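Here is what each chain is made of, one letter per residue.
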Amino acid sequence: MTDPIADYLTRLRNAIMAKKKVVDIPASNIKKEITKILKDKGYILNYKFEDGVNYQGNIKIALKYHPESKVPAIKTLKRVSKPGLRQYCDTTNIPRVLNGLGIAVLSTSKGVITDKEARDLNVGGEVLCYIS
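The shown structure was predicted, so the numbers you read here are calculated from the model rather than taken from an experiment. (Residues numbered from 1 in each chain as written. Predicted model: local features only at pLDDT ≥ 70, side-chain atom pairs only at ≥ 80, totals over all residues. Heavy atoms only, no water.)

**What about helix H1 (residues 4-17)?**
With 14 residues, H1 should cover 20 Å at 1.5 Å per step; its first-to-last C-alpha distance of 20 Å lies within 8% of that length. Every buried residue of H1 is accounted for by Ile5, Asp7, Tyr8, Leu9, Leu12, Ala15 and Ile16. Buried-residue contacts for H1 involve strand E1 (22-26), helix H2 (29-40), strand E3 (58-63), strand E4 (77-79) and strand E8 (125-131). (Helix = DSSP H or I, 4+ residues; strand = E, 2+ residues; numbered from the N terminus. Expected span 1.5 Å × (residues − 1). Buried < 20%, exposed > 50% of the residue type's maximum accessible area, 1.4 Å probe, protein only. Contact = heavy atoms within 4.5 Å.)

Okay, here's the thing in structure tokens:
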């Protein structure tokens with residue numbers, strides 16, 4: 001697999017389209033950090049890191065839906081920086097998703113953070129994905 005983050009986003013996207021409640025994803029450190037951001041921002045209900053299933057472990061993610069209308073909390077997941085074309089931003093042009101309603105996930109020298117945190121810390125980095 002050449003792009004594990006794209007695989008992570010695709011598994012989430014497919015589980016949402018199939019109206020699944022829980023999705024299993026092979027773990028890595030960057031995927032764990034993105035999952036923590038999704039939980040902090042309210043896009044998923046909960047997550048659990050499981051060790052021992054395979055070498056790297058698994059991430060079990062409980063997806064979040066509206067209780068009455070069953071509309072998923074995550075509308076779009078878009079991979080921005082790809083292995084063939086990396087997308088970087090400096091502190092002056094950090095992207096805004098849906099004019100601040102969504103989040104951009106960045107990999108910076110301070111770790112994997114959102115666009116708002118990057119503006120507050122005044123750091124740039126690689127734009128991993130957009131979530132809204």
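**Here's the deal with the sheet that holds strand E2 (residues 44-50)**
Taken in spatial order, the 3 strands of this open sheet run E1-E3-E2, and their pairing is antiparallel. The sheet terminates laterally at E1 and E2, the two strands that pair on one side only. Neighbouring strand axes in the sheet, compared pairwise and without regard to direction, differ in orientation by 20 degrees on average. Relative to E3, E2 runs antiparallel, the two being bridged by 6 bridges. Pairing of Ile44 across the sheet is with Leu63, part of E3. Along the sheet, H1 contacts E1 and E3; its crossing angle with E1, the most-contacted strand, is approximately 165 degrees. Sheet contacts for H2: E1, E2 and E3; angle to E2, the most-contacted strand, approximately 155 degrees. (Pairing = 2+ DSSP bridges. Axes fitted to C-alpha atoms, helices over the stretch in contact; angles between N-to-C directions.)

**Concerning the environment of Asp120**
Position of Asp120 relative to the elements: it lies in helix H3 (residues 115-121). A sequence separation of 29 residues divides Asp120 from Thr91, and the C-alpha atoms of the two residues are 9.8 Å apart.

**Topic: the pattern of salt bridges**
According to the stated counting rule, one finds 8 salt bridges in the structure shown. We note a salt bridge from Arg119 to Asp115, for which the minimum N-O separation is 3.8 Å. Of this pair, Arg119 and Asp115 both sit in helix H3, 4 residues apart, roughly one helical turn. The class of Arg119 is partly exposed, set by a relative accessible area of 32%. Classification of Asp115 by relative accessible area gives buried; the value is 5%. A salt bridge links Lys116 to Asp120; the shortest N-O distance between them is 3.7 Å. Note that Lys116 and Asp120 are positioned in helix H3 at a spacing of 4 residues, about one turn of the helix. Relative accessible area serves as the criterion here: at 59%, Asp120 is assigned to the exposed category. (Salt bridge = Lys/Arg side-chain N within 4 Å of Asp/Glu carboxyl O.)

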